[in-house]
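# Structural features, examined
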Amino acid sequence: MDDPYQNNVNQQMTEGGEYTYTQDGGGQDGYPYQTDYPQQDDDAASDATEGADEDDQMYEGEYQGIPHPDEIKEARRAARLEAKRKARQAAQQEEEEENLPEQYETIMEDCGHGRFQWMLFFVLGLALMADGVDGFVVGFVLPSAEKDMCISNADKGLLGLLVYVAMMVGALVWGGLCDKMGRRKCLIYVLTIDLVFSFLSCFAQGYGFFLFLRFCSGFGIGGSIPIVYTYFTEFLQMDKRGEHLSWLCMFWMLGGLYASFTAWGIIPHYGWGFAIGTQIQFHSWRVFILVCLFPALAALIGVVFMPESPRFLLENARHDEAWMILRRVHDTNWKAKGEPERVFTVTNIKTPQTQEDEFIEIQSDTGTAFQRWTVRKMTMLQQVMANVMSLAAPELRLQGLFLVIVWFCMAFSYHGLGVWFPDMIKYMQYEEYESKVRVFHRERVERFHFNFSLVNQIHREGEYIHDKYGFSYTTMDYRRARVFKSTIFCLRFANIEIKSVKFEDSLFENCYFEDVRSTNTFFENCTFKNTMFYNTDLWQEKFKDCRLENTTFLHPKKGCHLNFQEENDIVIYMVSFLGSLAVLPGNIISALFMDKIGRIRIIGGSMLASSACTFLLLLSFSQGAVICWQCLFYAVSVAAWNGLEVISVELYPSSKRGTAFGILNGICKFAAIIASFIFAAFIGITKIIPIFLAFAALVCGGLVALKLPETREKILS
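Looking at an unreviewed UniProt entry, the chain carries the name Synaptic vesicle glycoprotein 2B, with the source organism given as Oryzias melastigma. If you open the UniProt record of the chain and go to Subcellular location (unreviewed entry), you find "Cytoplasmic vesicle, Secretory vesicle, Synaptic vesicle membrane". In the Sequence similarities (unreviewed entry) part of its UniProt record, the chain is described as follows: "Belongs to the major facilitator superfamily."

See below:
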């Protein structure tokens, strides 16, 4: 028969994994009994306690610094309890992180897609448009800027290179920062930097200062693409992402159209500028840069009134702010749909705990203001670098490598051909111009007044003389000739333009050049005797291996001078305009089918079809053919760009989305820099190598794209 005393004892397990027994009944307190202690004999127990009270008993190793066995056991028990607490917390956090994507997707479906998303769509579209405009600015202003600021060919290439390097760095930096500082805040910084430095570049008179300002502007606007797509994605539900992100891509096309149209309408008009003295010149190409700031300004004003991404706030444990923004989205959409009575029913949203943010707040309570600022920024830098390194995790490594290959191949071929198309047209124009050159050999001209322009000519072994008086002029003779228009210099070049003219092995004697404007004009191995140059831009750099005897230059117009009819060929503006417009059909088709046939088929199919289009470039024997194949290539390849941008924001978790997209966009700019040098090097040499490189890159990228995971039905992680 069971012992009645044992029936009143309950067995319980403590949090540390040990068992405790308590006695029921009688209203008495329970007696704990630790099973860890070994049983003792009765005699041993009585000997140990004989003649001494339990409270007065002293551990003999206390004075030797040896811990009591009970203390050791207590420490071990506390360590086990702490380990279990951390394990439960980690499991709870993992469960919350798994539940957050599904819960957030449910909330976005409850909020619906309506007025709020469309307002954000147009605001972020203007920011994307500003990036598209900046991509065209340098190419449009360079022909005028290189004359206005005397930019050499080497420095001219440096401007385009530094702008792309700045945009590459900007994409890397701002993409990482937007995961820690917030999408909205970083986008405001990006647009502000672009506006300030672009505005200042309008007034820069020196090339070095202009280069620095354009670099800073590129660093700002380079971060807009990663932020814009990350920002907009987190306000879209799953079945709307592909379509509406593709519609958003159209604003980059609108940026190209805006830049081409305004450049066409502004830059060729010299009278649209002004001058302050002789040091400050504000020509029409500077007005064009000023006008190009309008999309960025409008986007900045709009973003100020937009909220932060609630998904970013939830990832950073800012539950209350996220809840208020989600309720605003819900109420805005349903009020616009005529159902203002619908109530936002979400009361609790799971948010993962972040130790990094706690560390920042702990540090912010100590030290001076500068120390707190330093701690915050250094901690943020460490977090960004940790985010970058986490992209190499095994579960992200393979898909990241595939994405890098596809982005690089697409950017290499697209931007390489983007440089090749206009340069090829310019080369064809140059060949056509050269074929019409007029050559004059051993001509002799005496006592003649050139009052008409000389264009596209070569003069070899000519003689331009007047020897009636047979004496040298003096300064007084020159002044007398200016006043009375006498015939001291009877062979005169006055008030004319000399464009693309070359004099070789020629003799100029008793000649007078006045108010002469020249473009691409040179004198090689010529002899000048008793010749006067007054108020001309013919100076030392125009004369190569020439002999100057008793020759004077008065009031020379040193430096570079704009020739708007020469430097602003409308064909270049038309090529850019048509190329930007050609992507419209591809944008529409990709937007309509992105969610129907999937991202992978869009990317792979578009890249492989674009590779087939490159072979048509072998048939480009005229300017019209080049323009036609350019438009076809852009129309087909734009779908791949849209698919890449959609899949890039869907593959990565929210805490790393901006960082990953920034790295991919930086790789895109790096590929563009390499391609621009390679493709430009073969202009006028061969068409086969650039076409083959573009074809190989597109085929490689298209095949690798088929290995990417499909994200059409993927909830944002």
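On to the overall build of the chain. The number of helices and strands found in the chain is 23 helices and 20 strands. For the chain, with 717 residues in total, the buried portion stands at 47%. In the chain, 70% of the contacts between residues at least 6 apart in sequence involve partners at least 24 apart. Accessible surface for the chain amounts to roughly 35,400 Å². Of this, 59% is attributable to carbon and sulfur atoms.

What follows covers a nonpolar patch on the surface. A surface patch of nonpolar side chains, amounting to about 390 Å² of accessible area, comprises Ile588, Ile589, Leu592, Phe593 and Ile597. Among the structural elements, Ile597 can be located in helix 19 (residues 570-597). You can call Ile597 partly exposed: its relative accessible area is 31%.

Moving on, we come to the pairing of strand 10 (residues 491-494). Neither face of strand 10 is left uncovered, since the one carrying Leu491 and Phe493 and the one carrying Arg492 and Ala494 both have all their residues buried. Across two bridges, strand 7 (residues 449-450) lies against strand 10 in parallel orientation. Among the inter-strand pairings, His449 is bridged to a residue of strand 10, identified as Arg492. Bridging between strand 10 and strand 13 (residues 511-514) involves four bridges; their strand directions are parallel. Directly across from Leu491, in strand 13, lies its bridge partner Cys511.

Describing two packed helices takes the angle between their axes plus the distance from one axis to the other. At a minimum axis distance of 10 Å, the contact between helix 6 (residues 183-201) and helix 11 (residues 294-304) shows a crossing angle of 155 degrees. With respect to their mutual orientation, helix 6 and helix 11 come out roughly antiparallel. Considering the relative orientation of helix 6 and helix 11, their crossing is left-handed. Residues Arg184, Leu187, Ile188, Leu191, Thr192, Asp194 and Leu195 of helix 6 pack against Ala296, Leu297, Ala299, Leu300, Val303 and Val304 of helix 11. Each residue belonging to the contact of helix 6 with helix 11 can be placed in one class, and the counts come to 10 nonpolar, one polar and two charged.

The next thing to look at is the confidence of the model for the chain. Caution applies to low-pLDDT regions: their predicted coordinates should not be interpreted in detail. A residue-level look at the chain finds 76% of positions with pLDDT of 70 or above and a mean pLDDT of 78. Here residues 40-56 is modelled with pLDDT under 50, and outside its nearest four sequence neighbours on either side it reaches one contact, counting other chains as well. The low-confidence segment residues 468-489 (pLDDT under 50) makes 35 contacts with residues lying over four places distant or belonging to another chain.

Structurally, the position occupied by Leu300 is in helix 11. Separated by 176 residues in the primary sequence, Leu300 and Leu124 have C-alpha atoms spaced 9.3 Å apart. What Leu300 contacts, discounting residues up to four positions off in sequence, is Ile188, Leu191, Thr192 and Leu195.

A word on the pattern of salt bridges. Considering all chains together, one arrives at 19 salt bridges under this definition. Between Arg444 and Glu446 there is a salt bridge, with the nearest N and O atoms lying 2.6 Å from each other. Of the residues examined, Glu446 reaches a relative accessible area of 41% and is grouped as partly exposed. Notably, a salt bridge pairs Arg460 with Glu504, separated by 3.0 Å at the nearest N-O pair. Taken together, the residues Arg460 in strand 8 (residues 454-460) and Glu504 in strand 11 (residues 497-504) connect sequence positions 44 residues apart. Under the relative-accessibility criterion, Arg460 is labelled partly exposed at 33%. Relative accessible area serves as the criterion here: at 15%, Glu504 is assigned to the buried category.

On to the nonpolar core, then. Counting residues in each nonpolar core, the largest one holds 142 residues, and the members touching the most others are Leu187, Tyr229, Leu248, Phe288 and Leu403. For this core, the leading source of residues is helix 4 (residues 115-148), giving 17 residues. When residues no more than four places from it in sequence are discounted, the contact partners of Leu403 are Leu644, Ile647, Ser648, Leu651, Tyr652, Leu664 and Leu708. By size, the runner-up hydrophobic cluster in this structure holds 20 residues, among which are Leu454, Ile498, Phe533 and Phe543.

Attention now goes to the side chain of Asp537. In this fold, Asp537 is placed in the loop between strand 17 (532-534) and strand 18 (543-544). Side chain to side chain, Asp537 and Ser518 meet in a polar contact 2.8 Å long.

What follows is about the sheet that holds strand 9 (residues 463-465). Judged by pairing direction, the sheet is parallel, and its five strands sit side by side in the order 6-9-12-16-19 without closing on themselves. Each edge of the open sheet carries a strand with a single partner, namely strand 6 (444-446) and strand 19 (547-549). Direction aside, the axes of adjacent strands within the sheet are offset by 5 degrees on average. Here three bridges tie strand 6 to strand 9, and the two strands are oriented parallel to one another. Looking across to strand 9, one finds that Val445 is bridged to Tyr464.

What the rule picks out here adds up to 48 aromatic pairs. Aromatic pair Phe122 and Phe251: ring centres 6.2 Å apart, planes at 90 degrees, arrangement edge-to-face. Here Phe122, found in helix 4, pairs with Phe251, found in helix 9 (residues 238-266); they are 129 residues apart in sequence, far enough to count as distant. Here Phe122 falls in the partly exposed class, since its relative accessible area comes to 47%. By relative accessible area, Phe251 is classed as buried at 8%. With a centroid separation of 5.8 Å and an interplanar angle of 55 degrees, the aromatic rings of Phe450 and Phe452 are classed as tilted. Phe452 sits in the partly exposed class, given a relative accessible area of 40%. Taken together, the aromatic side chains of Phe450, Phe452, Tyr464, Phe493, Phe503, Phe508, Phe513, Phe523, Phe528, Phe533, Phe543 and Phe553 make up a single cluster linked through ring pairs. Above the face of the Trp334 ring, Arg342 is positioned so that its terminal group lies 3.8 Å from the ring centre. The ring of Phe522 is capped by Lys542, whose NZ or CZ atom sits 5.6 Å from the centre of that ring.

Now for unusual backbone geometry. If you check the backbone angles, Asn456 has positive phi at about 50 degrees while not being a glycine. Relative to the elements of secondary structure, Asn456 occurs in strand 8. Phi angles above zero are rare outside glycine, and Asn495 is one such case at about 55 degrees. Relative to the helices and strands, Asn495 resides in the loop between strand 10 and strand 11.

Here we come to the packing of helix 20 (residues 599-614) against helix 23 (residues 688-705). Two elements in contact, helix 20 and helix 23, have axes whose closest approach is 8 Å; the angle formed by their N-to-C orientations is 160 degrees. Classified by the angle between their axes, helix 20 and helix 23 sit roughly antiparallel to one another. Every pair of crossing elements has a handedness; the one defined by helix 20 and helix 23 is left-handed. Residues Ile600, Ile603, Gly604, Met607, Leu608, Ser610, Ser611 and Thr614 of helix 20 touch helix 23, and the partners they reach there are Ile691, Ala694, Phe695, Ala697, Leu698, Val699, Gly701, Gly702 and Ala705.

Basis of the calculations
Residues numbered from 1 in each chain as written. Predicted model: local features only at pLDDT ≥ 70, side-chain atom pairs only at ≥ 80, totals over all residues. Heavy atoms only, no water. UniProt positions renumbered as here; feature names shortened; annotations may be inferred. Helix = DSSP H or I, 4+ residues; strand = E, 2+ residues; numbered from the N terminus. Buried < 20%, exposed > 50% of the residue type's maximum accessible area, 1.4 Å probe, protein only. Contact = heavy atoms within 4.5 Å. Areas by Shrake-Rupley, 256 points an atom, 1.4 Å probe, with all protein chains shown as cover. Patch = residues over 30% accessible without salt bridge, like charges linked within 9 Å, V, L, I, M, F, W, Y side chains within 5 Å. Salt bridge = Lys/Arg side-chain N within 4 Å of Asp/Glu carboxyl O. Pairing = 2+ DSSP bridges. Axes fitted to C-alpha atoms, helices over the stretch in contact; angles between N-to-C directions. Parallel < 35°, antiparallel > 145°, perpendicular 65-115°, else oblique. Left-handed = near helix turned anticlockwise from the far one by under 90°. Nonpolar A, V, L, I, M, F, W, Y, C, P; charged D, E, K, R; others polar. pLDDT = per-residue confidence, 0-100. Core = buried A, V, L, I, M, F, W, Y, C linked by side-chain atoms within 4.5 Å. Polar contact = N/O pair within 3.5 Å; in protein donor to acceptor, adjacent residues only side chain to side chain. Phe/Tyr/Trp six-rings, centres within 6.5 Å; stacked < 30°, edge-to-face > 60°. Lys NZ or Arg CZ within 6 Å of the ring centre and 35° of its normal.

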